[in-house]
Every structure is written in structure tokens, then in C-alpha cells.
Amino acid sequence: MPAAWGGRPIWVTDVRDPSHPTVFPDPVDLARNDGKTDYAHDVQVDAAGVAWVSGRGGVRGYWTQGRRWDPVRRQTRTATATDPVPYAGGGIAETAAPSRFMHNSHHPVGARSSDGGWRFDDLIYVTEESFQAGCAADGVLVIASLTGSYGGQSWRSTPEQPFRLTTVGTWSVAGQEGSDPVSEDCSAHYFDVRGHILVQSFYAQGTRFIDVSDPTNPTQIAYHRPADARSWAPYWHNGLVYVADNTRGVDILRLTSA
């Protein structure tokens, strides 16, 4: 890895022939952290086909198919996985996520507008994974607005002139009902969203069901925290939530009301 990089970006792998996967030599999602190439952690593709890359420095979305307007090169061109077209996104404000290490994200597509005037299509849900001394300082769920980021602003961000998304709301497990007050293992981790209910893993603090219908005020409505929880990732499927847990295996949950 070049000495100037803070972490590895993304190498695209062609798996159309599963027995002979091919890794393309040139990485993508460079200069993600205020102009510095840094650690890209996770990619989630939304219903519109935008690939959202989370990592150190924030979350950025790319088109990987079709003819698209490129706000960085300022031209319409064909998007591919190996030469994606920037769409939107950016850094998360340090006041919301001090570590700026964003673990994974979700972009709602086609959701209704909120009563508070927010267009859900303009929101990004993103999680900070961070382990600090004391539960209260650990990573949180952040809801940010993509407004103002569709012109390639994140790809021009520098330490001298940083670009940050506007924080709409945050949620932390610290002090919430059902939390283990003696545990310091409270970082946010993977989550999944169905409608206005977000379900999220918080390691030893278990699985949390959060109502995000008001993005400015995410609210816990249920939780599942076994004494030996090491909750890693929850997945909605046919009305149930399947929780991958590092010590328990798989817990299958049903939310009885929402």
C-alpha cells in the first residue's frame, strides 16, 4: 500500500465466472477522506442501483451502470463498476461521529416524505463503529441529509475546505432502556431497514428496534439483549428479524407491534 494512503480503497472483482474470479488492477473510491485515499469498509447497493461506500471519511454513492451525469468530470458518461460515476454523499460531521469511521449505510429509495418536511430519498442512514472508554462515547447511528452533495462536493473536499453532510438526527444505545450499564461494548454495527423501522446490532447491548419515521428523533420501540449477546448483524426477512450473533449463533425475532 502506498505510504500516502491511510487505508485500502476498493478493488473490483469480476465474479461472472465463479471458478475464475478476476480482480481489476486499478482501485476505485480513491481520496475518500478529504482528498486522502483511506479505508473503505462496506458497500451497500440501494433500490435505484447506487452503490454506497462507507469507510473512514464518510459515505459516498456511485452509479455503476447506465449513462449518467458525472458532477466531478462535468460530462455525461457510461458508469461501470471499474469506472463508477459519483452520485452524492460526503463526510459526516465530527460532532455526530468523532472518529469519522463509518461502518455501513442505507439509502431509502421511494420512501414517503416525512411529516417534518424531510424527503426520505435525501437522507442517508450511516453507522459509526468506534470503541472508546465508556459506553457513552461509542459509535452511533447517524441520519444525515444528502442535500447539497449532488454536485460532487465530497470529491473536492480537503482538510482546508472540508465538506460535511448536514446531520439530521443521531441515536446511541448508551442509557437506553434495556442497556447493560456495566458494559463498555456499545458500538453501533450492522443494521437493516423496513419501512420506518430500523433494526440494529450493538454488540453486547443486543438488537435494537428504532422508529425513524421522524428522522430528527430516532426512537427505540423494542429491544432484545440476552445476557451473553454479541449482536453482529440483523436482517429482515418475511416479517422476522434474523440476528447473526458472534456467541449465540442466530436468534430469530418477531416484532409484535410497531
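This text goes with the structure placed above it.
To start, this report covers the structure provided alongside it. Owing to the predicted nature of the structure, the values given are computational and were not obtained by experimental measurement.

1. A few points about the packing of aromatic side chains
Applying the stated rule across the entire model yields ten aromatic pairs. With a centroid separation of 5.9 Å and an interplanar angle of 75 degrees, the aromatic rings of Trp52 and Tyr87 are classed as edge-to-face. Of the two residues, Trp52 sits in strand β4 (residues 50-55) while Tyr87 sits in strand β8 (residues 85-92), which places them 35 residues apart along the sequence. In this structure Trp52 comes out as buried when scored by relative accessible area, which is 1%. Relative accessible area serves as the criterion here: at 22%, Tyr87 is assigned to the partly exposed category. On the basis of an interplanar angle of 70 degrees and a centroid distance of 5.5 Å, the ring pair of Tyr87 and Tyr150 is categorised as edge-to-face. Here Tyr150 lies in the loop between β11 (141-145) and β12 (164-171) and Tyr87 lies in strand β8, a separation of 63 residues in the sequence.

2. Observations regarding the pairing of strand β18 (residues 240-245)
Working note: regular strand, side chains alternate between the two faces of the sheet. Relative to β18, strand β17 (residues 231-237) runs antiparallel, the two being bridged by six bridges. Bridge pairing in β18 links Trp236 to Val241. Counted between consecutive antiparallel strands, the loop separating β17 from β18 contains two residues, among which Asn238 sits at a positive phi close to 50 degrees. Pairing analysis gives five bridges linking β18 to strand β19 (residues 249-253), with the strands arranged antiparallel. Residue pairing across strands places Val241 opposite Leu253, the latter belonging to β19. What sits between β18 and β19 in their antiparallel hairpin is a turn of three residues.

Definitions and limits used
Counting starts from 1 at the beginning of each chain's written sequence and moves along it residue by residue. Residue-level local features of this predicted model are given only where pLDDT is at least 70; pairs of side-chain atoms are given and counted only at 80 or more, and the full residue set underlies all totals for whole chains, interfaces and linings. Where side-chain values are given, they derive from all heavy atoms of the structure, hydrogens and water being excluded. In summary, the pairing rule links any two rings of Phe, Tyr or Trp, Trp by its six-membered ring, whose centres are within 6.5 Å, and it sorts them by plane angle into stacked for under 30 degrees, edge-to-face for over 60 and tilted for everything else. Runs of H or I in DSSP of at least four residues are treated as helices and runs of E of at least two as strands, each being numbered from the N terminus. Here's how the labels work: a residue is buried when its accessible area is under 20% of the maximum for its type, exposed when over 50%, partly exposed in between, all with a 1.4 Å probe on protein chains only. Whether two strands pair depends on DSSP finding at least two bridges between them.

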